[in-house]
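Analysis of the macromolecular model
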Amino acid sequence: MKGFQQQELTSIIQIDRSSCKGCDSCKAFCPTSAITGKYGAVHSVDSEKCISCGQCLVNCPFGAPKDMVDPVDKVITKLKDGRVTVVATTAPAVRVAIGEAFGMEPGTLATEKLYGALKQAGFKLLDTNFAADQCIMEEGSELIAKIRHYVLGEAAQHHLGALPQFTSCCPAWVRYAELNYPQILDNLSSAKSPMMMAGALAKTYGAAKVWPTSPENMYVVGIMPCTAKKFEASRPEFASAATYWRKQGQAGNYPDVDTVLTTRDLARLLKKMNIDLAAVPEFTDQDNPLARYSGAGTIFGNTGGVMEAALRTAYFVITGQELAVLEFAPVRGLSGFKAASVTMKDAKTGKEVTLNVAVVHGIKENLTPVIDQVVAGKSPYQFIEVMNCPGGCVNGGGQPINPMGTSWLDKYKAMLPWS
Amino acid sequence: MARYDYVEKAVKVSRREFLGVLGVGAAVLWTGAYVATDLVQDRTKYIKLRAKALYLDDGKAKVRQSHNNAAVADVYKNFAEKPLSPLAEDLFHTRYVDRSKLGGLS
């Protein structure tokens, strides 16, 4: 199979032949036209094109596309093995969707319940929101260094990528760019995604200072609203903790993130272990520094969230003052393409800097015009956020499907022609 | 003697068949439109509910900017020095591959 590195997962999304009715719904959601098959005939996924975003899976009326990677039993075995420290890193969008699988209303924020359930299952916790805050520090510093160099004309300290800078948190978008637009890879932020930062941090800082253990005995589980994260975790370059410890004289070969559970997988795992998320005692994990996160870290799961979080910090770093109003309305909401500009006064030089930013979600509909500008070298923006799924991670391919028949009556009423 | 010519009917569809085809066509269009709008509507409804909950989480947070997260500052103070330091580059940054050039995997 072309387009993969050694040991990467290649066929995460596959269509079940017996459930597919050939209705073409999936094709309407597939960002890469990776689904083949005539209308009425059984469809199949071309894995070389597929970016494993799972949009076909969450939108198929018949539930035909399947997530073929099922690590639930393996994770349960690790949890029951007393020698292994199992660390969960939970993405922002999981806490607002996991409740749906346990009969809670859609849109319930269930952070403490989720922490409680994970604790009962035996996980240690490194919230991905914490890593998202760290991601802003890295990615934001990178952006500011580029602006200081390219816009304000300061000398560069070390190698800098090109402007505009694209976000790199979305693994489906990263694979999409690597497959289709290799000429813009230098524009991608070199910062890892929050999940991968969490993995590297857990097995270095975490293993040394927070849960003292040997990094080899640590098992990091990403809990993600996303099927593409399963692909990302399998990329061979993500073994930086092992490299770090080898430099310190500790041999070993292990990935930064050992496996990934989607929100749906986590719901199955908890049910298998007889843990009812709706009934567990709430837990805040206050004493754990790696479970503390800012509001900026949690909005990473929404389209425009990474941008808003980055602006809050960039504004402070450049002007030396906090933003007066933190809610940045132009990048919120579901319109397909959002752009904004912020003018700031650089505290160091006294010059005015205008930062033009753009937000894209839904690669299928909205990416092409923005990326064509960048390829042509005519992009008016300095920072562009891209998320593959419409709406961002809250609508990821790993989220609960058709959640909550809150009322079967309402469901049938909705079918009446006059409703 | 009157001459009667037998003329084949111009339209070869009976009234009954015509209504039948029309009915089936309408039903097909109606179901299709219903399924399509229903899917899209439901989808955005869930997106909006979940997104709102995340903004709620942000709104009630005591610390709302990444640079004010004291635990992150501790990681830099005790471990990674500062953003973009050599250790931070090793652990928190990555590189990308041009997949159009990657050959076949068995």
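These numbers come from a predicted model, not from an experiment.

The rules we used
In this convention, every chain numbers its residues from 1, walking through the sequence in written order. Chain labels run from A onward and ligand labels from 1 onward, assigned in the order the entries are written. Restriction of local features to residues with pLDDT of at least 70 applies here, the model being predicted, together with a cutoff of 80 or more for giving and counting side-chain atom pairs; totals for whole chains, interfaces and linings are based on all residues. When DSSP locates at least two bridges between a pair of strands, those strands are taken to pair. Strands are runs of DSSP state E lasting at least two residues, helices are runs of H or I lasting at least four, and both sets are numbered from the N terminus onward. Residue pairs qualify as contacts under a 7 Å threshold applied to their C-beta atoms, which are placed from the backbone. Here an angle of 0 to 180 degrees is reported between the N-to-C directions of two axes, which are lines fitted to C-alpha atoms, with helices fitted over the stretch in contact. All the domain ranges listed were derived from an automatic or database domain assignment. Any nonpolar core is a set of buried residues, restricted to Ala, Val, Leu, Ile, Met, Phe, Trp, Tyr and Cys, that join up through C-beta atoms within 7 Å. To assign burial, the other C-beta atoms lying within 10 Å of each residue's own C-beta are counted, with C-beta atoms placed from the backbone; 20 or more indicates buried, 12 or fewer indicates exposed, and intermediate counts indicate partly exposed. Multiply 1.5 Å by the residue count of a helix minus one, and that product is the helix's expected span. Predictor confidence is given residue by residue as pLDDT, running from a minimum of 0 to a maximum of 100. An angle below 35 degrees is treated as roughly parallel, one above 145 as roughly antiparallel, one from 65 to 115 as roughly perpendicular, and anything else as oblique. Left-handed is the label given to a crossing in which the near helix is rotated counterclockwise from the far helix by less than a right angle, and right-handed is the label when the rotation is clockwise. Charged residues are taken to be Asp, Glu, Lys and Arg, nonpolar residues to be Ala, Val, Leu, Ile, Met, Phe, Trp, Tyr, Cys and Pro, and polar residues to be all remaining types, Gly included.

**Overview of the sheet that holds strand 9 (residues 259-262) of chain A**
Residue and element names in this part refer to chain A. As summarised here, the arrangement of the 4 strands in space is 6-5-8-9, forming an open sheet in which the pairing is parallel. Each having just a single partner strand, strand 6 (124-125) and strand 9 make up the two edges of the open sheet. Relative to strand 9, strand 8 (residues 218-224) is paired through 4 bridges, and the arrangement is parallel. The partner of M224 across the bridge, within strand 9, is T262. Docked against the sheet, helix 3 (residues 72-80) engages strand 5 (85-90), strand 8 and strand 9, running at close to 115° with respect to strand 9.

**Quick look at the domain arrangement of chain B**
Split into domains, chain B comes out as domain 1 (15-61) and domain 2 (62-95). For domain 1 of chain B and domain 2 of chain B, the distance between their C-alpha centres works out to 44 Å.

**A closer look at the nonpolar core**
Residues and elements named next belong to chain A. Counting 138 residues, the largest nonpolar core has V87, I98, W173, V221 and A310 as the members making the most contacts within it. A total of 9 residues in this core trace back to one element, the largest contributor, which is helix 7 (residues 194-210). Not counting residues within four places of it along the chain, the set of residues in contact with V221 comprises V75, V86, V87, A88, D258, T259 and L261.

**Re helix 12 (residues 305-319) of chain A**
All names here are of chain A. Taking 1.5 Å of rise per residue, the 15 residues of helix 12 would be expected to cover 21 Å, and the 21 Å separating its terminal C-alpha atoms lies within 8% of that figure. When you tally the buried positions in helix 12, you get 12 out of 15 residues, the bulk of the element. Those residues of helix 12 that fall on the buried side of the exposure criterion are G305, V306, M307, E308, A309, A310, L311, R312, T313, A314, Y315 and I318. Just downstream of helix 12, G320 is the residue with a positive phi angle, here 80°.

**Observations regarding the confidence of the model for chain A**
Counting all residues, the mean pLDDT for chain A is 92, and 96% of those residues have values of 70 or more. Per-residue pLDDT stays below 50 along residues 403-408 of chain A; that stretch engages in 6 contacts with residues further than four places along the chain or on separate chains.

**So, the packing of helix 5 (residues 128-151) of chain A against helix 12 of chain A**
All names here are of chain A. Taken N-terminus to C-terminus, the directions of helix 5 and helix 12 make an angle of 55°; their axes are 10 Å apart at the nearest point. Here helix 5 lies oblique to helix 12, going by the angle between them. Handedness of the crossing formed by helix 5 with helix 12: right-handed. Residues I136, E139, G140, L143 and I144 of helix 5 form the contact with helix 12, whose participating residues are A309, A310, T313, A314, V317 and I318. Of the residues contributing to the contact of helix 5 with helix 12, the split by class is 8 nonpolar, 2 polar and 1 charged.

**Some details on the interface of chain A and chain B**
Where the parts come together, the accessible area they lose is often given as the size of the interface. Each side of the interface is counted separately: chain A has 62 residues, and chain B has 47 residues. When contributions to the side of chain A that touches chain B are tallied by element, the ones reaching two or more residues are helix 5, helix 6 (171-180), helix 7, helix 9 (240-247), helix 11 (295-298) and helix 12 of chain A. Considering each element in turn, the side of chain A that touches chain B owes the most residues, 8 residues, to helix 5 of chain A.

**A word on the pairing of strand 10 (residues 337-345) of chain A**
Residues and elements named next belong to chain A. Pairing analysis gives 9 bridges linking strand 10 to strand 11 (residues 352-361), with the strands arranged antiparallel. Bridge pairing links F337 to V360 in strand 11. Once strand 10 ends, the chain turns through 6 residues before running back antiparallel as strand 11, passing G350 with a positive phi of about 80°.

**Re the domain arrangement of chain A**
Residue and element names in this part refer to chain A. Each assigned domain of chain A is listed here: domain 1 (13-67), domain 2 (72-130 + 193-295) and domain 3 (139-191 + 298-393). For domain 2 versus domain 3, the separation of C-alpha centres amounts to 28 Å. With 14 residues of domain 2 at the interface, the matching set in domain 3 holds 10 residues. Ranked by the residues each element gives to the side of domain 2 that touches domain 3, the list is headed by helix 8 (residues 228-233), at 4 residues. The class makeup of the residues in the side of domain 2 that touches domain 3 is 9 nonpolar, 3 polar and 2 charged.

**Structural notes on the confidence of the model for chain B**
When the pLDDT values of chain B are averaged, the result is 87; 90% of them are 70 or greater. ipTM for the predicted complex: 0.90, alongside a pTM of 0.88.

**Some details on the environment of W211(A)**
Residues and elements named next belong to chain A. For W211, the position within the fold is in the loop between helix 7 and strand 8. Along the primary structure W211 and G295 are separated by 84 residues, whereas in three dimensions their C-alpha atoms are 25 Å apart. Setting aside residues no more than four positions away along its own chain, W211 makes contact with T85, K124 and G206.

**Regarding the sheet that holds strand 7 (residues 165-166) of chain A**
All names here are of chain A. Spatially, 7-12-11-10 is the arrangement adopted by the 4 strands of the open sheet, whose pairing is mixed. Looking at which strands have only one partner, the edges of the open sheet turn out to be strand 7 and strand 10. The sheet contact formed by strand 7 and strand 12 (residues 383-387) spans 2 bridges and is parallel. Pairing of F166 across the sheet is with I384, part of strand 12. Set on the sheet, helix 12 makes contact with strand 10, strand 11 and strand 12; between it and strand 10 the angle comes to about 10°.

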